[in-house]
Each structure stands twice: as structure tokens, then as C-alpha cells.
Amino acid sequence: MAQMNADPGGWRACDGAQRPDPQPAAEAPTMSIPRHLAVIMDGNGRWATSRGKPRSAGHTAGVEAVRPLVTRCRELGVEAVSLYSFSTENWAREKEEVHHLMRLCVAYLASELPLFQANGIRLRRLGAREGLPAEVLDAFAEVEEATAANDAMTLCLAINYGSRAEIVAAARTLARRAVAGGLDPAAIDEAAFSAELTTAGLPDPDLLIRTAGEMRLSNFLLWQLSYAELYVTDTLWPDFDNAALAAAFASFHGRVRRFGGVPEVPTPST
Ligand code: IPE
Ligand code: IPE
Ligand code: MG
């Protein structure tokens, strides 16, 4: 868990000019920042409906909420951000809504490439290729390739993603290798299994934020979220701003993570 200055933006002088934080780093207030943040960006439809707008307007507004989150996470030193953009179950929606979401994804990737490059952000697609339109795959391939050498933060977009399908695919890959004789089943451990998931190489998320109030995982990163802290807010995704992110991180900072053990308590001095 990274320890970061609570406000890496530093101190703002009364003349409005940015100044470096006047406190020595060792004395600056610190807070725990997740290494890997996962977000279920839910509530676009409700956001639109409550305004008498079509659901597509909610998705368009939802895309606008992604940039500040990505930028802030990068500033704070988060290593990876995984955003649930479209689940394997979301194909069940009206064709027009699905088309709109796919078009938004292509437009988002094209518009954000300069931001990724300027901030050293590497893009990664999570989810199955099968079923995605060629334009979406091409847009991902282009941005993944262009950002491949960036190493300040990894941004994972989960699209056509289903965690059960991901787990089954990993099991199938390992089984094929074992049957072909290249893998001893006894060598299949948690690390070997993790290495076959689309998140291979990333730390497991230590914080999951879900917007719009539902208390469920909806088939997102079931394996990887085993020990993540869960944070559910009623805020709808298009309204999720940097203040909402700060509240989530403050909650994360206050969590006692035991991982099945016993929390450390100060030893009595008597
Ligand atoms: C999340 O918002 C975006 C996707 C699932 C693609 P929703 O579209 O699920 O919004 P609600 O849950 O209907 O409000
Ligand atoms: C989860 O939201 C998927 C995404 C945010 C992409 P849903 O709206 O699809 O989840 P359910 O149907 O409420 O479980
Ligand atoms: Mg929803």
C-alpha cells in the first residue's frame, strides 16, 4: 500500500500561485492510497432517466467522469485502475444502447490518447475479444500499442468482460497445456492461475468502488477482488467527481486489513 502525501497538489499561496508543499516530506500528512483501484461505474441509466433523458445521454455523461478519475489517480501514484465498462451480460440490452456504448468506447480511446501519453499511462483491455466489433478491437490495439512503453500507471478497461468466463478460459488454457504434457498439474498454484487471467502481472485490486448503490460484484474480477476493500456509494457514476474519489480513499485509509490474521495491537508497556 503506497503512502502518499494527502494532497500532492501541494500548498496554494494566497496569490493563487502553486508553491511546493512547505512541510518536510517526513512530516507531511500521509494517507494510504490503493495500488490498484477497481471501479464498477454504475448508474448512468438512472442518472439520465432522472433528468428525463434517454439512457444514452447517461452513458455520454459517464464517459466525461472517467478523465478526472484517471488524472487524479495518476497524480496520487495509483499503479493501476480497472474500470468496468461493459460486461458480458450487458449484451442483453437494447441494440441501440449497445451500439452507443461501443461507439463511445472508440471515441473515448481516440480522444484520450494524448492524455495517456502526457501522463505515462499504459492502456490495457480486459475481457474477451470474441463478440466485440472490429472497430473497438482496432481502437484498443492502436492505443495499447502506442502506450505500451508507458509505465507510470496502467489503465485497464474491462469491456466484454465476465469474470467467470475469464476464470474458465484460464482453466482451459492450463488444462490444454497439461494434456499436451507441458505442464505438471501439481505446478498449478494461485500464481500460475493468476498469470492466465487478463490482469496478469498487475497487483490485485485493494479497493473496489461501486457507484449507484448496488451491493454486488456483477461478475467483475471475482478472483482478483478476494481481499479488496469494498466501497459502495449511492452517487451515480456521472456525478462521481474528485471529491467523491477523495471520500472513497479516506474510507480506504481507515480500513483495518487483516487478511485473515489478527490486527496488530500496541503491546502494553507494563
Ligand atoms: C453503467 O450504468 C454502465 C453500463 C453498465 C454499461 P447503467 O447503464 O447500468 O445504469 P443503471 O444501472 O441502469 O442506472
Ligand atoms: C455492471 O453494471 C457492469 C458495468 C458497470 C459495466 P450493471 O448495471 O450491468 O450490473 P447489474 O445488472 O445491476 O448487476
Ligand atoms: Mg446498472
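From a predicted model like this one, the values you see are computed outputs, not experimental measurements.

Cut-offs applied
Residues numbered from 1 in each chain as written. Chains lettered and ligands numbered in written order. Predicted model: local features only at pLDDT ≥ 70, side-chain atom pairs only at ≥ 80, totals over all residues. Heavy atoms only, no water. Patch = residues over 30% accessible without salt bridge, like charges linked within 9 Å, V, L, I, M, F, W, Y side chains within 5 Å. Areas by Shrake-Rupley, 256 points an atom, 1.4 Å probe, with all protein chains shown as cover. Salt bridge = Lys/Arg side-chain N within 4 Å of Asp/Glu carboxyl O. Helix = DSSP H or I, 4+ residues; strand = E, 2+ residues; numbered from the N terminus. Buried < 20%, exposed > 50% of the residue type's maximum accessible area, 1.4 Å probe, protein only. Axes fitted to C-alpha atoms, helices over the stretch in contact; angles between N-to-C directions. Parallel < 35°, antiparallel > 145°, perpendicular 65-115°, else oblique. Left-handed = near helix turned anticlockwise from the far one by under 90°. Contact = heavy atoms within 4.5 Å. Polar contact = N/O pair within 3.5 Å; in protein donor to acceptor, adjacent residues only side chain to side chain. pLDDT = per-residue confidence, 0-100. Near = heavy atom within 4 Å. Nonpolar A, V, L, I, M, F, W, Y, C, P; charged D, E, K, R; others polar. Pairing = 2+ DSSP bridges. Core = buried A, V, L, I, M, F, W, Y, C linked by side-chain atoms within 4.5 Å.

S.K.: Which residues make up a nonpolar patch on the surface, and what are the values?
M.R.: The grouping of Leu217, Leu222 and Leu230 at the surface amounts to a nonpolar patch, some 220 Å² of accessible area in total. Residue placement: Leu230 occurs in strand β10 (residues 229–232). Look at Leu230 and you get partly exposed, because its relative accessible area is 48%.

S.K.: So what about the packing of helix α3 (residues 66–76) against helix α8 (residues 242–253)? Which residues, and what values?
M.R.: Between α3 and α8, whose axes approach to 10 Å, the crossing angle comes to 45°. It follows that α3 is oblique to α8 by the angle criterion. For the pair α3 and α8, the crossing hand works out as right-handed. Residues Pro68, Leu69, Arg72, Cys73 and Leu76 of α3 pack against Asn242, Leu245 and Phe249 of α8.

S.K.: Could you give me a rundown of the environment of His36, with the residues and numbers involved?
M.R.: Its location among the elements puts His36 in strand β5 (residues 36–40). With a relative accessible area of 1%, His36 lands in the buried category. Sequence-wise, His36 and Gly77 are 41 residues apart; in three dimensions their C-alpha atoms are separated by 10.0 Å. For His36, the side chain forms a polar contact with the main-chain oxygen of Pro203, separated by 2.7 Å.

S.K.: With reference to specific residues and values, describe the confidence of the model for the protein chain.
M.R.: Residue-level pLDDT values for the protein chain average 91, and 89% of them are 70 or greater. Ranking the elements of the protein chain by mean pLDDT puts strand β2 (residues 11–12) last, at 30, and β5 first, at 99. Scored below 50 in pLDDT, residues 1–26 shows 43 contacts in the model against residues more than four places distant or in partner chains.

S.K.: Can you explain the site of ligand 1? Please cite residues and give values.
M.R.: All residues adjacent to ligand 1 are Met41, Asp42, Gly43, Asn44, Gly45, Arg46, Arg55, His59, Ser85, Asn90, Arg93 and Leu101. Taking Arg55, its side chain carries an N or O atom lying 2.8 Å from an oxygen atom of ligand 1. One of the side-chain nitrogen or oxygen atoms of Arg93 is found 2.7 Å away from an oxygen atom of ligand 1. In isolation ligand 1 exposes 380 Å². Once the protein is present, 86% of that is buried. Elements that contribute at least two residues to the shell around ligand 1 include exactly α1 (44–49) and α2 (55–64). Among the elements that take part in the shell around ligand 1, α1 stands out by supplying 3 residues, more than any other. The residue inventory of the shell around ligand 1, partitioned by class, reads 2 nonpolar, 6 polar and 4 charged.

S.K.: Can you lay out the environment of Leu104 for me, pointing to particular residues and giving the numbers?
M.R.: Tracing the backbone through its elements, the reader meets Leu104 in helix α4 (residues 95–119). Linking Leu104 and His59, residues 45 residues apart in sequence, is a C-alpha distance of 8.1 Å. Discounting chain neighbours no more than four positions away, the residues touching Leu104 are His59, Thr60 and Val63.

S.K.: Account for the site of ligand 2, naming residues and giving values.
M.R.: By nearness alone, every residue bordering ligand 2 is listed as Ile40, Met41, Asp42, Tyr84, Ser85, Phe86, Asn90, Arg93, Arg210, Arg216 and Ser218. Between ligand 2 and Arg216, the relevant distance is 2.9 Å, taken from an oxygen atom to a side-chain nitrogen or oxygen of the residue. Taking 390 Å² as the accessible area of ligand 2 by itself, protein coverage stands at 78%. For the shell around ligand 2, the leading source of residues is strand β6 (residues 80–87), giving 3 residues. Considering only residue class, the shell around ligand 2 consists of 4 nonpolar, 3 polar and 4 charged.

S.K.: How would you sum up the sheet that holds strand β7 (residues 121–126)? Please name residues and give values.
M.R.: Sheet architecture is open: 6 strands sit in the order β7-β8-β6-β5-β9-β10, paired in parallel fashion. Edge positions in the sheet fall to β7 and β10, since each has one partner strand and no second. Taking the axes of each pair of neighbouring strands and ignoring which way they run, one obtains an average angle of 20° across the sheet. Where α4 meets the sheet, it contacts β6, β7 and β8 (153–161), and its direction lies at approximately 170° from that of β8.

S.K.: Can you explain the nonpolar core? Please cite residues and give values.
M.R.: Generally speaking, soluble globular proteins have nonpolar side chains that are buried together. In this structure, Leu37, Leu69, Leu155 and Phe249 are the most contacted members of the largest nonpolar core, which totals 45 residues. Here this core takes 8 residues from α4, the largest share from any one element. Residue contacts for Leu37: discarding those within four places in its chain leaves Leu69, Cys73, Val78, Ala80, Val81, Ser82, Leu207, Ile209, Leu245 and Phe249. Counting residues in each nonpolar core, the second largest holds 14 residues, with Tyr84, Cys156, Leu202 and Leu221 among its members.

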